[in-house]
Structures are given as structure tokens and as C-alpha cells.
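# Structure assessment
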Amino acid sequence: MSASPVLTSVQDGVGTITLNRPEARNALNQAMRPALAAAIAQMRDDKEVYAVILTGAGGAFCSGGDISAMLDTSRTGLTFRAGMRELHQWFPELVNLEKPVIAAVDGPAFGAGLSLALSADFVLASRRARFCAVFGRIGLIPDLGALHLLPRIVGMQKAKELVFTARTVEVEEARQLGMVYDVVEDGAALQQAAQALARRFGEASTAAIGMAKTIMNQSFESSARTIAELESYGQAMARGSAYHQEAVQRFKNKEPLRFDWDKK
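The protein has the name Enoyl-CoA hydratase/isomerase family protein in an unreviewed UniProt entry, where Alicycliphilus denitrificans is given as its organism. Recorded in UniProt under Sequence similarities (unreviewed entry), the annotation for the protein is "Belongs to the enoyl-CoA hydratase/isomerase family."

Right under this line is the structure:
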């Protein structure tokens, strides 16, 4: 029996999704797509999970789409369109997952792998991580949300340069561009850093983080008035939460708050 192309695990409230095709540098093939969709849904629906780590097996994050599948000349344009629409059904679930998502990138994050990395709230990278909107090298345009996410992270002019040239971005440049949150030395340190970052959200209000994330994810497409209305609704729900009520009582009793990022 072949190994699952996507592995999931949950430990102490931290969920991990691992792309598991190391022999192909975790290239996204047809089998991986539904498995990844199921993994995202699992993390979304598990009430015990408060943060998610997305990573790859075997020293690679994801080298992009599986080019070998592109050799199938029997697939028509409509078939390709249907496949892309299938991707667009589950990818927004990852981008808008109402829990902190951390991409732990070791090795290449190329093509669709770049898109998967950019979907995360935080990208941690090893020194050997590399990023590339590689699509132009084979005459394609970026997909899996990259045309939406990349300009918002690095700015329109830089996004165009990266897409038009399809050049490789080394990890330090990626950090300077805002694509990477932090850099660690190697793969072992990367997993430790991802776990440590995830655990920092363990005492936070997952609901409040989720609502804030959902609203911020709409900020570039929405007016200030629309965001203000969403803020009003979100704050009303947060004020009524048990977490908030407990925090207020702790403050009243001069007890330490459960969640204090600065004291970690």
C-alpha cells in the first residue's frame, strides 16, 4: 500500500499537515488535491486545534504542480478548467481558515508550492528555502491564488517582476520582501520553531483571532465603511464570549491574563 500523499496529526492543540511525496519534492498531483482538501477540513472542524502548521516531507516544501501529469494530451481546455475550479473550492478554506496557519518551508516552494506558502499567516523558512513563481518557465500563468496573494504581500511592481522573470528568490530576499516571517538554520530547527510559534497561540481566543483574520483578509477589497461594519459585528460577538468575560474578571481580580504574547 502506498503512503498517503498528505499526512495529518494533532498534538496538544497544534495540527500539522504534511505534504508527503518526498520522491517528487512534494509536487502537487491529482491524488494530493483531495487529500489536502480533506486535511484542511479536518483542521477547520477540529475544535481542539487552535493553530495549524503546513509543511513538506523529505527536505522540500512543494516543488509545484506535477509536470508529468501535463504530458497527458487527452485533457482538454475544459478539463483543465474543471480541475482549476476544483482547486478554487478548497484553497480559500486554507487562506481563510479561522486559526493561525504557519507554513514551515524547507527547500523549494515553487509554483503551486509558492501559493501554498503564501496562503499561511506566517512563513517560517530554513536557510535552504527558495521561492519561485516558476510558471513562466513553462509558458503558464501563476495559479492557486498566487495572482491574488503575491501582489498583496510584496507590492504590485515586485510581484510583476517575480512573475514575468520567473526567477528564484533566496530566503534572505524573501524575508526582505515580506514573504518570510523568520529564518532558521535548518530543517530540524524549522520544525521546532514552527511548533514554538504555534504554541504561543495556545492561550489566545481562537474565535477572536479567527474573526480578526477573516476581516483583515477582506481589507484590500472592501471600503473602510464595510470593514468598520464587520468590525462592529465581530466585536459584539467577541464581547459576549466566555473568553472575554473571563479576561475581564481576571483583570478585575488583578490576576495575570491567560494570553500575553510579550511574556512568552
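Once the structure has been displayed, the description carries forward.
### Looking at the sheet that holds strand β6 (residues 122-126)
One open sheet accounts for 6 strands, arranged β1-β2-β3-β4-β6-β9; its pairing is mixed. Since the sheet does not close on itself, it has two edges, and those belong to β1 (6-11) and β9 (182-184), each with one partner. Strand-to-strand twist of the sheet, defined as the mean angle between neighbouring strand axes without regard to direction, takes the value 20°. Here β6 runs beside β9; their pairing, made up of 3 bridges, is parallel. Among the inter-strand pairings, A125 is bridged to a residue of β9, identified as V183. Seen against the sheet, helix α7 (residues 187-199) touches β2 (14-19), β3 (51-56), β4 (101-105), β6 and β9 and runs at an angle of roughly 160° to β6.

### Notes on the pairing of β6
Of all 5 residues in β6, 5 are buried; the element is thus mostly enclosed. Alternating positions in β6 separate into two faces, F122, L124 and S126 on one and V123 and A125 on the other, with burial throughout. As paired strands, β4 and β6 are joined by 4 bridges and run parallel to one another. Considered in β6, the bridge of A104 is made with L124.

### Let's talk about helix α8 (residues 206-216)
Buried residues of α8: G210, M211, K213 and I215, and no others. Contact partners of the buried residues in α8: α2 (77-95), β4 and α9 (224-239).

### Considering α2
Given 3.6 residues per turn, any residue in an α-helix points the same way as the ones three and four places further on. Taking 1.5 Å of rise per residue, 19 residues should cover 27 Å, and α2 covers 27 Å from first to last C-alpha, within 8% of that figure. A bend of about 25° at Q89 is the largest found in α2, and the proline P92 appears one to four places after it. Regarding α2, the residues found buried are G83, L87, W90, F91, L94 and V95. Where α2 is buried, its residues meet α1 (32-45), β3, β4, α3 (112-118), α4 (146-154) and α8.

### Focus on the domain arrangement of the protein
Per the domain assignment, the segments making up the protein are domain 1 (6-200) and domain 2 (206-253). A separation of 28 Å is found between the C-alpha centroids of domain 1 and domain 2. At the boundary of domain 1 with domain 2, total buried surface from both sides reaches about 780 Å², with 48% on carbon and sulfur atoms. When residues of domain 1 are sorted by the area they lose upon contact with domain 2, N96, E98 and R152 head the list and together hold 55% of the total. At the junction of domain 1 and domain 2, the tally comes to 2 salt bridges. Notably, a salt bridge pairs D121 with K213, separated by 2.8 Å at the nearest N-O pair. For the pair domain 1 and domain 2, the interface holds 7 residue pairs in polar contact (both at pLDDT 80 or more).

Reading the values: the criteria
Residues numbered from 1 in each chain as written. Predicted model: local features only at pLDDT ≥ 70, side-chain atom pairs only at ≥ 80, totals over all residues. Heavy atoms only, no water. UniProt positions renumbered as here; feature names shortened; annotations may be inferred. Pairing = 2+ DSSP bridges. Helix = DSSP H or I, 4+ residues; strand = E, 2+ residues; numbered from the N terminus. Axes fitted to C-alpha atoms, helices over the stretch in contact; angles between N-to-C directions. Contact = heavy atoms within 4.5 Å. Buried < 20%, exposed > 50% of the residue type's maximum accessible area, 1.4 Å probe, protein only. Expected span 1.5 Å × (residues − 1). Bend = angle between axes of the 7 residues up to and from the residue. Domains from an automatic or database assignment. Buried area = accessible area lost by both parts, 1.4 Å probe. Salt bridge = Lys/Arg side-chain N within 4 Å of Asp/Glu carboxyl O. Polar contact = N/O pair within 3.5 Å; in protein donor to acceptor, adjacent residues only side chain to side chain.

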